[in-house]
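# Close look at the chain arrangement
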Amino acid sequence: MAETVIMPKLGFDMAEGTLVRWVIGEGQPVAKGAVLAEIETDKATVEVESNFAGIVAKHLVAEKDVVPVNTPIAIITQPGEALVKTPLEDAGGGGGKPEASHKEQGSRAVQTEAAQKQEISSQAAAPVKAGGPVKASPIARRLASEKGIDLSAINGSGPGGRVVRRDVESYQPPQAAPAAAPASTLAVTPPRAEPGLAPATAAQPGVERPLSKLRNAIARRMVEAKQQTPHFYITRDYDMAALMALRKQLNGLLPENEKISVNDFIVKAVAMTLKQFPNLNASFAGSQILQHAHINIGVAVAVENGLLTVVCRDADQQGLRQIAVEVKNMAGKAREGKVRPEDIEGSTFSISNLGMYEVEQFAAIINPPEAAILAVGAVQEVPVVRKASGESPAQLVIGTRMKATISVDHRVSDGAEAAQFLQALAGWLENPLKLVL
Amino acid sequence: MEKSVYLEMFYQMVVIRRLEDAAAQLYQQGKIGGFLHLYIGQEAVSTGLISPRKPQDRVITAYRDHGVAINCGLSSNEVMAELLGKATGCTKGKGGSMHMADVKKNFWGGHAIVGAHLPLAAGLALGDQYQGSDGVTICMFGDGATNIGYFHEGVNLSKVWKLPVLWVCENNLYGMGTTVERASAVSEIRQKAEGYGIPNERVDGMDILAVRRASAKALDYVRAGSGPYFLEIITYRFRGHSMGDPERYRQAEEVKCWQEENDPIGFYHKHLVDNGIASADELAALDRKAAQEIAEAVRFAESSPEPAPEALWEHIYTE
Amino acid sequence: MPRITMREAISQALWEEMERDPKVFILGEEVGVWGGTYAVTKGFYDHFGEKRVKDTPIAEAAIIGAAIGAAMTGQRPVAELMTINFAFSAMDHIVNEAAKLHYMFAGQFVLPMVIRAVGGGGRQLGATHSQTPDAVFAHFPGLKVVSPGTPEDAKGLLKAAIRSDDPVLFIEHATMYQVRGEVPDGDFVIPIGKSKVQRPGKDVTIVTYSKGLEISLKAAEVLAKEGIEVEIVDLRSLRPLDMEPVIESFKKTNRAVIVEEGWKSYGVGSEVAARIYEQAFDYVDAPVKRVAQKEVPLPYNRTLEQLALPQIADVIQAVKEVL
């Protein structure tokens, strides 16, 4: 029997996905569990595995099509089985992929517009209307097309310069002579543009890059986060000397793929601190604050054209080595665009670390619905005033220091609590042996 | 009264009971759409009421109309087919459960807007009066309808114009889930007729013979040209207001009590046997016949064709 | 041809139809002894008697409901609503009964009835007694809605309505009873559902009906002096709506102004404009304009009331805007 493969729902809030690539082509055999296609969701590119064995009889959507969840995307038949038309196909005109046709139309429209722009800019001699398509009434359009007249060549006499019927009817095409002009006037400023006001882009148009799914999702979520969450920020300095020394020691004992990064220490330290501060491992939920049962630390990973947060689950209960291996794996997959939804969902507190770029400190935007995010700078050797103690006076020494800034949702917590959190964090980072125990 | 009349009334009641039972099942199977209001428990009201009518007497009722349709002489086939929305239904699948009618049988419809058919009934009676016919319009409605303005406009007009209409309030004690006492200023609905100077009577609707007697008397009165008459018939609906009624407004014991001690069919059965009018065997045979008739009606309805798509555009206007 | 008023035309139609067909009778508030609040049925009671000219209680649901019932028995009632504003009290019976019964009971019930209702503003009667809700009623399939703009049409269309086997809402404009026009002698019928060109022209199509026709004709006179020739199409029936003459005219002029007295939102103009765009898009040379009542409940004060109602000047301006 023919089986229908649908656009799977890969996460609670997934409404649609882009079919990036068909891995198995039409007519090819497919085993159960084999990767059939790659799909891009809001958050990641995911491989879709076939639930059926058989032959991929038909792709119902094309690559790059955006289709809603549950839409049939392929039909898998048994060898020798004839492909029966699906009701969706019977519905005619691309009924099987309504979204797809929209998108096609959309991109075609964009193309046409772009082509038009190009056309306009390359024939600057014609009396070009300032920007946009030519305004003309429907009957003027029809008559112009019947008579083979270029609407953009006509000066409209209707309201707002609209080309109306009488304009088309009274239009006299210009004599042949001026036709030679275009090439020489190419560089000339368009006639209606006022000198000095023409934007730079008019002379040298910028590149339009469509938003990727991921970029789009980041854009949407960050606007939401920054506009709807009242952030406040607190920065603290940490003495990292002991931690750096311990790390060096430990890594000397570990194989290459298990080596522990500074960030892995921070993940563990933050997780342990959060156990003391359940209010920061929480979400603002309208009439209440939801304190999460698990401590899942999100680690921001830069990927092409964006960033993803991979999730280290129950980090408070994991050993440093486990954390190191897991984060490394997930980050690698994220960079290849191959993470699974569960790798990137469900974080309760995030860490963003730009230390590798020698950033001293920065403030991050909260990753909703979390209540806080920790922005971590580079571990640097800096001059430090060692306080006077007993006999010895205050002294300027070389310290190994790191700055971290916490951004907190003010609806959930206040400055004092966040400051205490940073202080408690120092208790872990500055006594790193506790993290290994 | 002839024995055949007694038996015919009994037969109609069991046909209605079995039709409604079958409808409930079909509804649960998803074969009947929309609302379904069952007449179970109230069979004696319309059966007794309509039994003495003359062919020229019109009947018009509210949305609980399947039983009334049967009493007016519609076949169980066309009633069942209408419930299933089939082309062979009495209103060709256009009306459904709440909108059955057959003009040839002088049945002027189930009407689904509460109380709105009362002014229509006045108009039907006005037509008869205008034409000099001696027909009476029997207009049935629930207790709930007596609280809406249409009731008062229609009843008032009937008295002002002395229209030949018999108003029949089927008081089943609840307007949907609201008791009469909680919704009506007077719990004896007939008092409202009193207010319009219309002669009236309160009748036990579980006793079909009492209903028939009251109906015959009232029809004679109206037919004589004396103007409208008003009957309040007390009855009880054994099932919910419609399918899916959670029935939070009444106790299960209350329903059980009515079913066991006041079933109009059981009551009538006992009367017929006790008075030697019919034997239990005879009545059992009638019940079997009714069961057969309904089984056949279900078969007929299920195998009937759907309305043709063109029917969508039929009967919007006469021309 | 004699020139008579709209009132006389309507009165004649009723009288002649009652003489012609004994099934026709009138019911409504003050239609009998009083002679009709707009004096349309003056003299009817004395001539036709109580049986055929029935005074009713002030009970609109009963009036329309009884008319429906009587129509179902084969009579041809003409129910008069003193004003269309009172139709809301009978909305259930107009919408849920009159417009539905024929269809819902698969053609078994036939409703040869007319509801006459007086509508329109401009008489300082305040917000509740001045409405022009014609479009509301035209929304419902199953009901026919007719509203004449000339005495001739009033007489011919009312006769057609009385003879129709479908329920017809016949809307008369309260300020037009005195309008005079030529009306042919004797019996004639104008079919329901036919629009009519009331003034030929070539530059702009004005689509209108009822009171809108009156002001559009006056605007046309003014515009003609400036050399602008408008063509006026009178819808006469809002349902069924006959677009043929409208589209024919529009294909010639490529411009349209729709004039109605009701509110603009969701109104007759909205419907006609949409149909023009649907049926003649490639002939559009300017956006279709609507002239209608301002979106306010009609105030009592005369100046304010006239500000709210569409005026001749509004029509002239709209025509110039589409030119």
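### As for the overall build of chain C
- In terms of helices and strands, chain C carries 12 helices and 14 strands.
- Going through the 323 residues of chain C one by one, you find that 60% of them count as buried.
- Long-range pairs, those at least 24 residues apart, make up 79% of the contacts in chain C between residues at least 6 apart in sequence.

### Digging into the overall build of chain A
- The secondary structure content of chain A amounts to 13 helices and 16 strands.
- The proportion of buried residues among the 437 residues of chain A is 30%.
- Nonlocal contacts in chain A, meaning residues at least 24 apart in sequence, comprise 63% of its contacts between residues at least 6 apart.

### Considerations on unusual backbone geometry
- Cis peptide bonds are those with omega within 30 degrees of zero, and the linkage from P368 of chain A to P369 of chain A qualifies with 5°.
- In this structure, P369 of chain A sits in the loop between β14 (349-353) and β15 (372-386).
- The amide bond that connects R239 of chain C to the next residue, P240 of chain C, takes the cis arrangement and shows omega of -5°.
- Not every positive phi belongs to a glycine, and K64 of chain A is a case in point at roughly 80°.
- With respect to the helices and strands, K64 of chain A occurs in the loop between β6 (54-59) and β7 (66-68).

### Some words on the environment of S304 of chain B
All names here are of chain B.
- Topologically, S304 is positioned in the segment after α12 (280-303).
- Exposure remark for S304: the 20 C-beta atoms within 10 Å place this residue in the buried category.
- Non-local contacts of S304, meaning those with residues more than four positions away in its chain, are made with A81, K86, A87 and T88.

### Quick notes on the interface of chain A and chain C
- Between chain A and chain C, the residue contacts involve 8 residues of the former and 7 residues of the latter.
- Sort the elements by how many residues they give to the side of chain A that touches chain C and helix α3 (residues 138-147) of chain A lands first, with 4 residues.
- Residues that form the side of chain A that touches chain C fall into these classes: 4 nonpolar, 2 polar and 2 charged.

### So, the interface of chain C and chain B
- Each partner contributes to the interface: chain C provides 33 residues, whereas chain B provides 34 residues.
- Elements supplying a minimum of two residues to the side of chain C that touches chain B: α3 (60-72), α4 (91-98) and α5 (101-104) of chain C.
- Tallied by class, the residues present in the side of chain C that touches chain B amount to 17 nonpolar, 11 polar and 5 charged.

### Comments concerning the sheet that holds strand β4 (residues 35-40) of chain A
All names here are of chain A.
- The strand order across the open sheet built from 4 strands is β5-β4-β2-β7, with neighbouring strands paired in antiparallel fashion. The sheet is open, and its two borders are formed by β5 (45-49) and β7, each paired with just one other strand. Each adjacent strand pair in this sheet contributes to an overall mean axis angle of 40°, direction not counted.
- As defined by bridge partners, strand β2 (residues 16-22) adjoins β4 across 4 bridges and the pair is classed as antiparallel.

### Let's talk about helix α9 (residues 244-253) of chain C
Residue and element names in this part refer to chain C.
- Taken as a whole, α9 has its buried residues at V246, I247, S249, F250 and T253. In a view along the axis of α9, the buried residues occupy a sector of 165°, so they form one face of it.
- Positive phi appears at N254, one or two residues downstream of α9, with a value of about 65°.

### Quick look at the packing of helix α6 (residues 149-160) of chain B against α3 of chain C
- In the contact formed by α6 of chain B and α3 of chain C, the axes pass within 9 Å of each other and the chain directions differ by 65°. What the angle tells us is that α6 of chain B and α3 of chain C run roughly perpendicular. Considering only the axes of α6 of chain B and α3 of chain C, their crossing is right-handed. Side by side, α6 of chain B and α3 of chain C meet where G149, Y150, E153, G154 and L157 of chain B of the first sit next to A61, A62, G65 and A66 of chain C of the second.

### Examining helix α8 (residues 211-225) of chain C
Residues and elements named next belong to chain C.
- Along its 15 residues, α8 runs 22 Å from first to last C-alpha, staying within 8% of the 21 Å computed at 1.5 Å per residue.
- Of all the residues in α8, the buried ones are K211, G212, L213, I215, S216, L217, A219, A220 and L223.
- Where α8 is buried, its residues contact β7 (168-173), β9 (196-199), β10 (204-208), β11 (230-234), β13 (256-263) and α12 (312-322).
- Once α8 ends, the next one or two residues include G227, with phi positive near 85°.

### Structural notes on the nonpolar core
- Counting residues in hydrophobic clusters, the biggest one holds 211 residues, and the most contacted among them are C139 and L166 of chain B together with V257 of chain C.
- At 10 residues, α3 of chain C tops the list of elements feeding residues into this core.
- Once residues within four sequence positions are removed from consideration, C139 of chain B is found in contact with I60, H117, L118, A121, V165, L166, W167 and V168 of chain B.
- Core analysis: the next-biggest nonpolar cluster, separate from the first, contains 75 residues, V48, I297, A375 and I406 of chain A among them.

### A short note on the confidence of the model for chain C
- In the predicted model, chain C carries a mean pLDDT of 97, and the fraction of residues at 70 or more is 100%.
- The ipTM, which scores confidence in the relative placement of chains, is 0.90 for this predicted complex, and the corresponding pTM is 0.65.

### Describing the packing of helix α9 (residues 262-276) of chain A against helix α12 (residues 415-429) of chain A
Residue and element names in this part refer to chain A.
- Relative orientation of the contacting elements α9 and α12 amounts to 130°, with a least axis distance of 9 Å. On the basis of the axis angle, α9 is oblique to α12. Viewed along their axes, α9 and α12 form a crossing whose handedness is right-handed. On α12, the residues that touch A269, V270, M272, T273 and Q276 of α9 are F421, A424, L425, W428 and L429.
- Looking at the contact of α9 with α12 residue by residue, the classes come out as 8 nonpolar, 2 polar and no charged.

### Notes on the pairing of β4 of chain A
- Relative to β5 of chain A, β4 of chain A runs antiparallel, the two sharing 5 bridges. Considered in β5 of chain A, the bridge of A37 of chain A is made with V48 of chain A.

### Quick notes on the confidence of the model for chain A
All names here are of chain A.
- Looking at chain A as a whole, the pLDDT averages 80, with 80% of positions reaching at least 70.
- For chain A, per-element mean pLDDT is lowest for helix α5 (residues 182-185), which scores 36, and highest for strand β9 (residues 231-239), which scores 96.
- Here residues 85-131 is modelled with pLDDT under 50, and outside its nearest four sequence neighbours on either side it reaches 50 contacts, counting other chains as well.
- A low-confidence stretch, residues 177-203 (pLDDT under 50), is modelled with 16 contacts involving residues beyond four sequence positions or located in other chains.

### What to know about the pairing of strand β12 (residues 297-303) of chain A
Residues and elements named next belong to chain A.
- Judged by how many residues are buried, β12 sits mostly within the fold: 5 of 7 residues are covered.
- In this structure, β12 lies alongside strand β13 (residues 306-312), joined through 7 bridges in antiparallel fashion. Residue pairing in the sheet places V303 in a bridge with G306 of β13.
- As consecutive antiparallel partners, β12 and β13 are separated by 2 residues, and within that stretch N305 has a phi angle of approximately 65°, a positive value.

### Some thoughts on the environment of I115 of chain C
Residues and elements named next belong to chain C.
- Relative to the assigned elements, I115 resides in strand β5 (residues 114-119).
- Residue classification places I115 among the buried positions, given that 29 C-beta atoms sit within 10 Å.
- Linking I115 and V145, residues 30 residues apart in sequence, is a C-alpha distance of 9.6 Å.
- When sequence neighbours within four positions are dropped, the list of residues in contact with I115 reads I64, A79, L81, I94, L169 and F170.

### Describing the environment of I218 of chain A
All names here are of chain A.
- Mapped onto the secondary structure, I218 falls in helix α7 (residues 213-228).
- Considering only alpha carbons, one finds I218 and L307, 89 residues apart in sequence, at a separation of 7.9 Å.
- If we ignore the near neighbours within four places in the chain, the residues touching I218 are G306 and L307.

Parameters at a glance
- Residues numbered from 1 in each chain as written.
- Chains lettered and ligands numbered in written order.
- Predicted model: local features only at pLDDT ≥ 70, side-chain atom pairs only at ≥ 80, totals over all residues.
- Helix = DSSP H or I, 4+ residues; strand = E, 2+ residues; numbered from the N terminus.
- Buried ≥ 20, exposed ≤ 12 C-beta atoms within 10 Å, placed from the backbone.
- Contact = placed C-beta atoms within 7 Å.
- Nonpolar A, V, L, I, M, F, W, Y, C, P; charged D, E, K, R; others polar.
- Pairing = 2+ DSSP bridges.
- Axes fitted to C-alpha atoms, helices over the stretch in contact; angles between N-to-C directions.
- Arc of directions from axis to C-beta.
- Parallel < 35°, antiparallel > 145°, perpendicular 65-115°, else oblique.
- Left-handed = near helix turned anticlockwise from the far one by under 90°.
- Expected span 1.5 Å × (residues − 1).
- Core = buried A, V, L, I, M, F, W, Y, C linked by C-beta atoms within 7 Å.
- pLDDT = per-residue confidence, 0-100.

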